[in-house]
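One letter stands for each residue in the lines below.
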Amino acid sequence: MDSIIVTGNGPLKGQIPIAGAKNACLTLMPATLLSEEPLTLTNAPRLSDIKTMTELLQSLGAEVTSMQDGQVQAMSSHNLSTTRAEYDIVRKMRASNLVLGPLLAREHHAEVSLPGGCAIGARPMDLHITALEAMGAEIELKDGYLHAKAPGGLKGAVHELRFASVGATENVVMAATLAKGTTVLKNAAREPEIVDLVHCLRKMGAQIDGEGTSTITIQGVDRLSGATHPVVTDRIELGTYMLAPAICGGEVELLGGRIDLVGAFCEKLDAAGVSVEETDSGLKVARKNGRVRAVDVVTEPFPGFPTDLQAQMMALMCTAEGTSVLEERIFENRFMHAPELMRMGAEIEVHGGTATVTGVEKLKGAPVMATDLRASVSLILAGLAAEGETIVNRVYHLDRGYERVEEKLRNIGARIERVNAE
Ligand code: UD1
């Protein structure tokens with residue numbers, strides 16, 4: 001199993017190109033199931049989660065070809081061989097549940113394994129199920145699988161989500177494109193990945209309004225065509241690398257970065273004393289003098305502060321001047337990085353969904369364990385700012401969401417290498 005060794009160093013300088021968004025690609029790929037014509041995605045990130053989605057689509061009979069070193073995903077769902085998404089693949093990644101809406105819309109039935117446990121919380125699927133039921137689907141849980149059918153096809157409906165779930169919004173929007181009549185989804189999630197999905201579906205001939213707001217209206221059509229679509233920039237990768245110069249000092253330009261993708265996050269960086277500037281090619285982040293200031297953070301659905309940047313922000317706060325309070329409101333168990341950061345000398349107290357972090361002058365390198373995707377990168381950021389060597393174990397989590405992380409960080413002057421522990 002690979003480990004990553006990070007040796008703390010001084011200011012970072014240079015440029016990092018930001019990849020296409022993992023979470024956008026994971027919902028754009030299943031959209032191929034809605035059409036018999038080819039869908040091509042450009043600017044796809046090269047990640048193990050994308051390989052898992054490829055495997056899942058192929059298991060359903062879709063053809064998926066990766067080109068240009070994985071940056072282009074050419075897909076065709078002309079013939080589907082089954083509507084059953086097997087546990088063996090679904091258990092690897094929760095986003096596998098995004099085939100449910102498209103399969104149900106196109107084939108009028110689907111059997112999708114429940115994703116099962118997940119390190120950052122229970123993550124049930126009740127919101128997906130109730131919304132699809134409102135559209136006429138009959139869904140029952142049998143043998144660990146959701147057995148869904150919509151005899152005669154899905155029907156448009158007016159439905160309000162109890163919580164603005166990203167995945168449920170994506171499943172409903174995709175399903176509604178081929179439903180009979182109009183669907184109005186209220187309290188819809190507003191994340192940029194949903195906006196990107198809608199842009200792609202529109203190119204495929206879908207009739208959708210209101211993306212990026214809390215009410216999305218979808219007028220069902222008989223069929224969708226193929227399309228070519230570039231995947232939107234990954235705002236979480238962007239935010240993560242913005243934190244590298246914030247925590248180490250220096251000045252780094254994030255190529256392809258956009259303020260509108262990370263507005264709430266930038267406000268917190270500003271309050272902490274980190275400067276963010278728009279350039280012709282992206283965003284430039286700089287921290288010149290002294291320590292950052294402590295700031296409080298509450299995670300919320302977009303446009304609020306993203307839960308997927310909470311662990312990384314905590315790493316920064318571990319070195320800040322003062323005490324900050326980080327409140328996690330999206331997932332119930334998402335502070336597993338805290339005890340690992342404490343092994344590096346961080347002062348953190350966790351009570352339920354709240355972590356209180358008292359900044360220390362210097363973190364100290366230590367062997368630590370990556371527990372999930374964003375936790376693992378927070379440990380790398382902490383390692384960059386620590387004295388001595390930090391060994392991050394179980395980095396397979398990292399490869400799910402960050403492409404060529406060592407290379408990107410080395411290019412801005414970080415001392416980081418991957419070793420094979422065997
Ligand atoms: C997506 C992102 C993930 C991000 C999360 C929140 C992808 C592939 N993943 O996950 O990186 O952290 O949004 O921004 O895009 N919930 C229910 N019932 C449901 C569905 C969700 O109770 O049916 C709860 C979850 O347990 C969780 C919260 O709602 O506490 C948010 O989940 P959701 O927005 O659905 O996240 P995902 O789509 O799984």
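Here the structure is shown first, and the text comes after it.
How each quantity is defined
- Residues numbered from 1 in each chain as written.
- Predicted model: local features only at pLDDT ≥ 70, side-chain atom pairs only at ≥ 80, totals over all residues.
- Heavy atoms only, no water.
- Pairing = 2+ DSSP bridges.
- Helix = DSSP H or I, 4+ residues; strand = E, 2+ residues; numbered from the N terminus.
- Salt bridge = Lys/Arg side-chain N within 4 Å of Asp/Glu carboxyl O.
- Buried < 20%, exposed > 50% of the residue type's maximum accessible area, 1.4 Å probe, protein only.
- Disulfide = S-S within 2.5 Å.
- Phe/Tyr/Trp six-rings, centres within 6.5 Å; stacked < 30°, edge-to-face > 60°.
- Lys NZ or Arg CZ within 6 Å of the ring centre and 35° of its normal.
- Core = buried A, V, L, I, M, F, W, Y, C linked by side-chain atoms within 4.5 Å.
- Contact = heavy atoms within 4.5 Å.

Peer 1: How would you explain the sheet that holds strand β21 (residues 354–358) if you had to name every residue and give the values?
Peer 2: Strand order in this open sheet of four strands is β18-β19-β21-β20, and the pairing throughout is mixed. In the strand order of this sheet, the two ends are held by β18 (297–298) and β20 (347–351), each with one partner. The pairing of β18 with strand β19 (residues 323–327) spans two bridges and is parallel. Looking at the pairing, valine 298 lines up with glutamate 327 of β19.

Peer 1: Talk me through the pattern of salt bridges; I want residue IDs and the actual numbers.
Peer 2: Throughout the structure, instances matching the rule amount to 27 salt bridges. Across the salt bridge formed by arginine 258 and aspartate 260, the nearest N and O atoms sit 2.8 Å from each other. When its relative accessible area of 35% is taken as the criterion, arginine 258 is described as partly exposed. For the salt bridge of arginine 418 with glutamate 406, the shortest nitrogen-to-oxygen distance reads 2.6 Å. With arginine 418 in strand β24 (residues 415–420) and glutamate 406 in helix α14 (residues 405–410), the pair connects residues that are twelve residues apart, well separated along the chain. When its relative accessible area of 12% is taken as the criterion, glutamate 406 is described as buried.

Peer 1: If you had to explain unusual backbone geometry to someone new, which residues and values would you point to?
Peer 2: Along the chain, phenylalanine 302 connects to proline 303 via a cis peptide bond; the corresponding omega equals 15°. Backbone geometry at asparagine 43 places phi at a positive 60°, although glycine is not the residue there. Topologically, asparagine 43 is positioned in the loop between β3 (39–42) and α2 (48–59). A positive phi angle is found at aspartate 69, which is not glycine, with a value near 55°. Following the sequence through the fold, aspartate 69 ends up in the loop between β4 (63–67) and β5 (72–76).

Peer 1: I'd like a rundown of the state of the cysteines, residues and numbers included.
Peer 2: A disulfide bridge is the covalent bond that connects two cysteines by way of their sulfur atoms. Under the criterion given, the structure shown has zero disulfides. Between cysteine 200, a cysteine without a disulfide, and cysteine 25, which holds the nearest cysteine sulfur, the sulfur-to-sulfur distance is 10 Å. With no disulfide partner, cysteine 318 has as its closest neighbouring cysteine sulfur the one in cysteine 248, 14 Å distant. The exposure class assigned to cysteine 318 is buried, which follows from its relative accessible area of 0%.

Peer 1: Explain the packing of aromatic side chains to me, and be specific about the residues and the numbers.
Peer 2: One pass over the full model with this rule turns up two aromatic pairs. Measuring from ring centre to ring centre gives 6.4 Å for tyrosine 241 and tyrosine 402, while their planes differ by 80°; the resulting arrangement is edge-to-face. Placement of tyrosine 241 in helix α8 (residues 235–248) and of tyrosine 402 in the loop between α13 (396–399) and α14 is noted, with a sequence separation of 161 residues between them. The exposure class of tyrosine 241 is buried, given its relative accessible area of 1%. The cationic tip of arginine 84 hangs over the ring face of tyrosine 145; the distance from NZ or CZ to the ring centre is 3.9 Å.

Peer 1: Lay out the nonpolar core in plain terms, naming residues and giving numbers.
Peer 2: Membership of the largest hydrophobic core comes to 76 residues, with the highest contact counts inside it found for Met29, Leu57, Val99, Met135, Leu154 and Leu201. At six residues, the largest contribution of residues to this core is made by helix α6 (residues 166–177). Each residue touching leucine 57, except ones within four places of it in the same chain, is listed here: Met29, Pro30, Thr32, Leu33, Ala62, Val64, Met75 and Val99. Residues Met242, Ala272, Val274 and Ala338 belong to the second largest nonpolar core, which totals 68 residues.

Note that all results are geometric; they support no functional claim without further evidence.
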